[in-house]
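Chain residues, written in single-letter form:
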Amino acid sequence: MGNTVAREDFEWVYTDQPHADRRKEILAKHPEIKALMKPDYNLIWVVVLMVLAQLTAFYLVKDLDWKWVVFWAYVFGSCISHSMTLAIHEISHNSAFGNSKAMWNRWFGIFANLPLGLPYSISFKRYHMDHHRYLGGDGIDVDIPTNFEGWFFCTPFRKFMWIVLQPFFYAIRPLCINPKPITRLEVINLLAQLSFDVVIYYLWGVKSIFYMLAGSVLGLGLHPISGHFIAEHYMFLKGHETYSYYGPLNLLTFNVGYHNEHHDFPNIPGKSLPLVKKIAAEYYDNLPQYNSWIKVLYDFVMDDTISPYSRMKRQLKGEVKQD
């Protein structure tokens, strides 16, 4: 438990995020890292196999008792669904086909989105680029909780419920903090998703639809993998804005745990981030890090000094360019 009082506001900082300067230093000292800035074509086949795995699961659960539909939605579907959101994260950085084929990545992201049940890929890409450019930016970075979240979810039980409701907050927060005009690609994403959902319902019925949607909601809520939402940027140690996780769940999450490395080099696919850490070990080994996302969730709930307010926030100056 913490030994100081709970926060009543965000940690406002007046310095730039650390990642750009560290990237320059590392590239000056280790220019060989530039060779890792290339697409990960294996990502394509992994995503295709994940989609096929979920299609198979939709078929297999259609005649199960409801208790088993719920069981498999949490034990299997949630893992695949959360992993797929992190595949979409990779695709948003053009890791599947490279920057020269940006639209191929957008279409592929819509395809990867299908077994999640709700349209997500195109909107996520737009907001996620803002998160990298303007980390902690007030009114821009929608990864930062709202003031209501920080104020209300301040007790262990309420913080537990906040974790359960993570999918809800990630869905509505952009509309509250930084609403954007809907784009043509977002409409296509929506129509493709609705068409897919209708086809699944027509072929295999309501249990397959429930399995799909429940897996997505459960996987992004109270789930071991969801520890990454909190581990990445919540300030467990004052002055440290981004944290990496080096535990086994990186195998299911395209190495999203290598989060300092990812923010330093967002154009390097997750597959190569362990190499970044190995090459530039002197920059990463001494940074605060985690080995258990489950412990992160437990500490977040039980430590009175940690809450949704435990984030660094910046008042942006000058011109802000958004997707």
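Note that this is a predicted model, so its numbers are computed, not measured.

Reading the values: the criteria
Residues numbered from 1 in each chain as written. Predicted model: local features only at pLDDT ≥ 70, side-chain atom pairs only at ≥ 80, totals over all residues. Heavy atoms only, no water. Helix = DSSP H or I, 4+ residues; strand = E, 2+ residues; numbered from the N terminus. Buried < 20%, exposed > 50% of the residue type's maximum accessible area, 1.4 Å probe, protein only. Contact = heavy atoms within 4.5 Å. Areas by Shrake-Rupley, 256 points an atom, 1.4 Å probe, with all protein chains shown as cover. Lys, Arg positive; Asp, Glu negative; His and termini not counted. Charge placed at Lys NZ, Arg CZ, Asp CG, Glu CD. Arc of directions from axis to C-beta. Core = buried A, V, L, I, M, F, W, Y, C linked by side-chain atoms within 4.5 Å. Salt bridge = Lys/Arg side-chain N within 4 Å of Asp/Glu carboxyl O. UniProt positions renumbered as here; feature names shortened; annotations may be inferred. Phe/Tyr/Trp six-rings, centres within 6.5 Å; stacked < 30°, edge-to-face > 60°.

### Some thoughts on the overall build of the protein chain
- Of the regular secondary structure elements, the protein chain holds 15 helices and four strands.
- The C-alpha extent of the protein chain, read off along each of the three principal axes, is 55 × 45 × 40 Å.
- Per-residue burial for the protein chain yields a buried fraction of 53% across its 323 residues.
- Put simply, 79% of the contacts in the protein chain that link residues at least 6 apart link residues at least 24 apart.
- Accessible surface computed for the protein chain: about 15600 Å², of which carbon and sulfur atoms make up 66%.
- Of the side chains in the protein chain, 30 bear a positive and 29 a negative charge, and the two mean positions are spaced by 4 Å.

### Some remarks on helix α7 (residues 156-164)
- For α7, the complete set of buried residues consists of Lys159, Trp162 and Ile163. Looking straight down α7, one finds its buried side chains confined to an arc of 100 degrees; they lie on one side.
- Lining the buried residues of α7 we find α6 (147-152), α8 (166-177), α11 (227-231) and α15 (293-302).

### Side note on the environment of Phe124
- With respect to the helices and strands, the residue Phe124 is situated in helix α5 (residues 121-133).
- Here the alpha-carbon distance between Phe124 and Tyr170, two residues 46 residues apart in the chain, equals 9.9 Å.
- Excluding residues within four positions of it along the chain, Phe124 makes contact with Ile88, His89 and Ser92.

### A few points about the nonpolar core
- Within the largest apolar cluster, 39 residues are counted, with the highest numbers of intra-cluster contacts made by Val47, Met84, Trp162 and Ile230.
- Elements supplying a minimum of two residues to this core: α2 (42-61), α3 (66-92), α4 (102-113), α7, α11 and α15.
- Among all residues touching Val47, those that are not within four sequence positions of it are Met84, Ala87, Ile91, Phe108, Phe111 and Ala112.
- With 13 residues, the next largest nonpolar core counts Ile33, Tyr258, Ala280 and Tyr283 among its residues.

### Thoughts on unusual backbone geometry
- Residue Phe254 is not a glycine yet carries a positive backbone phi of 55 degrees.
- Mapped onto the elements, Phe254 comes out in the loop between β2 (244-245) and α12 (259-264).
- According to the relative accessible area criterion, Phe254 is buried, its value standing at 18%.
- Although it is not a glycine, Asn255 sits at a positive phi angle of roughly 60 degrees.
- Owing to a relative accessible area of 14%, Asn255 belongs among the buried residues under this scheme.

### Observations concerning the side chain of Ser307
- Position of Ser307 among the secondary structure elements: in the loop between α15 and β4 (312-313).
- When residues no more than four places from it in sequence are discounted, the contact partners of Ser307 are Gly150, Phe153, Lys159, Tyr234 and Phe300.

### A look at the pattern of salt bridges
- Scanning the entire structure with this criterion turns up 14 salt bridges.
- A salt bridge links Asp63 to Lys62, with the nearest nitrogen and oxygen atoms 2.8 Å apart.
- Measuring nitrogen to oxygen at the nearest pair gives 2.9 Å for the salt bridge that ties Lys277 to Asp285.
- Judged by its relative accessible area of 40%, Asp285 falls in the partly exposed class.

### Some remarks on the UniProt feature "transmembrane region" (unreviewed entry) in the protein chain
- Under the local residue numbering, the UniProt record ascribes the feature "transmembrane region" (unreviewed entry) to residues 43-61, 68-87 and 107-124.
- This span, residues 68-87, is 100% helix and 0% strand, and a straight line between its end C-alpha atoms measures 27 Å.

### Some remarks on the packing of aromatic side chains
- According to the stated counting rule, one finds 26 aromatic pairs in the structure shown.
- Centroid distance Tyr59 to Trp204: 5.8 Å. Interplanar angle 70 degrees. Geometry classified as edge-to-face. With Tyr59 in helix α2 and Trp204 in helix α9 (residues 184-204), this pair connects stretches of sequence that are 145 residues apart.
- Judged by its relative accessible area of 44%, Tyr59 is partly exposed.
- Residue classification places Trp204 among the partly exposed residues on the basis of a relative accessible area of 23%.

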